[in-house]
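Chain by chain, the residues:
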Amino acid sequence: MSSFPAARWSAVVAASVSLVSVAAVAALGVMAVPVTASAAGSRPAVVTDSEWSTFDQNSLRSGVDASGSSFSPAAPAWDSPTLDGQLYGQPLVATGRVFAATENDTVYALAADTGAVLWATHVGTALDPSTVPGLCGNIRPTVGITSTPVVDTARSEIFVVAAVAAPSPGYAAHRLFGLDLYTGTVLLDEVIDPPGTNPAYQLQRASLALTDGRVIAGFGGNSGDCGPYHGLVVSAPEDGSAPSTYTVASLPGDSQGAVWMGGAAPSVDAQGNVWVATGNSAHTQASDPYDQSDSVLKLSPTMQLLVSFAPQHWYLDNAGDADLGSTTPALLPNGLVFEVGKSTIGYVLNQSHLGGIGGQVALTDPFCFADGGSADLNGTLFVPCSGGIRAVTPSAGPPTSQWTSSSGARGSPIVAGGLVWSIGNGNLYALDTSSGQAVQQFAIGSSSSSFPSPSAADGLVLAPSSGRIHAFAGTAGLPAPPSPPPPRPGYWLVASDGGVFTYGAAGFYGSTGTLHLAQPVVGIVATPDGMGYWLVAADGGIFAFGDAAFEGSTGGLVLDRPVVGMAEAAFVASPRGG
């Protein structure tokens, strides 16, 4: 489905919702989930709000908590209810809410202070990979939202890319959804698959990024490299206009070149340019032309290739499935870039001159086998190596590890409260930054992702397991309750059949557009919080939607004159007495 302006989207929704009574109904796609999170304990709610609105906290992917909270020690705060699908992405935090998305194509907002579900929006039917002939991969039973979403706090909108099953078995589409942070209302729905691709064989694994008013999504293939696919980087404007795409391994007869980076997000520099690393392609011989596979690429926001780097023997890495692009490029404050992948070679590059083929500043062979994103604490990187987190401070010489953790921590790390946090073997570990020794450890259960990653904000460290989010509070206690929605302009129009059209920030909560009415609708009135409304017909029949309460009507009376409007009244009860 292509993107709709708000009015067109609401009109489509109004025509498709079947209403069976005048009782209040929930917003389209938003499920009321009556679940109570586990007790948060007696810690005071004193922590100031902070954000973790994108993978690894910011566009440079430094992965450092900006709240300044201490986690020495940390303690369990809450566990979320079990969500409706597997979790592959990193939890996000904004407006006092924790956001997570599942492989069942559902986006959740949880209260950061309790873990209670505030809203859950199911955006589509996830792809059943068993319906696609010859499709490999290790995500089962459904492929839905695999990447970490991204939040644009200026728009109060969270963006996700969902694999949505098409009506014909074995087919799918990747749809970019924008949802209101406060209500879960769908604001944008746009197919972003480039023409000529086969979406069922393309996996949107890399976490989303934002630059220049655009959502950046990286695509690769499924585990096993089956079927026709290309590495893709799609740049989709937030307003729903046409996306731009960069295609890896696009030469005649070529294929693959995944942009997946172990689930990490592209790095975005101060100029808004997008940095990605790519995987192996079908070019495996010295005589094959270079095709930007097994490379580090710098792209403009509109997806023009600016510069690139590839190892001298990139084609041999292709032949051995030794993806350079199993991690995201780490852009360092000293002007260097660090990249390491499945080939185990650690490369130091120059940001201002990537150097093309064989143009590295220095390398270490071997460094480690790595997947995901590195955390950057003032130029020291904590690298997600398969044998344990490694610390390295890249300079102009060959990169050398300062320490390697032996704790079992190996997932994409972050830094919070002066500690390195990483997931491995069903545990969340806190490591000393100077030695890599584990100083705290918490059991969270198994992960769906091979490269799970925690996040930290609002005085919490948040760790995903297979189907739940686990929160750990620092010494300052729990965050305050979620902030209320800010005042935002918007309004509704109502037609005589009760069809509702929304503009601006007004949400759609239902309509009578599909009902046969005895008399036409003549007015609409919003509830004080803007989360619902009443419709009134000429006979005084009242229809309540959202959080609007039904208190009665004159629909069953014979009136001398038709009703022409209504007004909302709010009263505060006072005690009775003499």
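I will try to describe carefully the structure that is included in this document. On a predicted model such as this, the values are computed, not experimentally measured, just so you know.

**Re the packing of aromatic side chains**
Tallying each qualifying case throughout the model produces 13 aromatic pairs. An aromatic cluster of three or more residues is present, and its members are Trp492, Tyr509, Tyr533 and Phe545. Over the aromatic face of Phe367 sits the side chain of Arg390, whose NZ or CZ is 5.7 Å from the ring centroid.

**Quick word on the state of the cysteines**
Counted by the stated rule, this structure contains 2 disulfides. The disulfide partner of Cys136 is Cys226, and the gap between their sulfur atoms is 2.1 Å. Every disulfide takes its handedness from the sign of the S-S torsion; for Cys136 and Cys226 that torsion is -100°, giving left-handed. Residue Cys136 is located in the loop between strand E6 (117–122) and strand E7 (150–152), and its partner Cys226 is located in the loop between strand E12 (214–219) and strand E13 (232–237); the two are separated by 90 residues in the primary sequence. Residue class for Cys136 comes out buried when judged on its relative accessible area of 18%. For Cys226, a relative accessible area of 13% corresponds to the buried category. Between Cys368 and Cys385 runs a disulfide, and the two sulfur atoms are separated by 2.1 Å. Disulfide Cys368-Cys385: the torsion about the S-S bond is -65°, which places it as left-handed.

**Comments concerning the sheet that holds strand E40 (residues 542–546)**
Ordered in space as E38-E39-E40, the 3 strands form an open sheet in which the pairing is antiparallel. In the strand order of this sheet, the two ends are held by strand E38 (521–526) and E40, each with one partner. Recorded for the sheet is a direction-independent mean angle of 20° between the axes of neighbouring strands. Examined bridge by bridge, E38 and strand E39 (residues 532–537) share 5 bridges and lie antiparallel to one another. Counted as the bridge partner of Ile524 is Leu535 from E39.

Criteria and cut-off values
- Residues numbered from 1 in each chain as written.
- Predicted model: local features only at pLDDT ≥ 70, side-chain atom pairs only at ≥ 80, totals over all residues.
- Heavy atoms only, no water.
- Phe/Tyr/Trp six-rings, centres within 6.5 Å; stacked < 30°, edge-to-face > 60°.
- Lys NZ or Arg CZ within 6 Å of the ring centre and 35° of its normal.
- Disulfide = S-S within 2.5 Å.
- Helix = DSSP H or I, 4+ residues; strand = E, 2+ residues; numbered from the N terminus.
- Buried < 20%, exposed > 50% of the residue type's maximum accessible area, 1.4 Å probe, protein only.
- Pairing = 2+ DSSP bridges.
- Axes fitted to C-alpha atoms, helices over the stretch in contact; angles between N-to-C directions.

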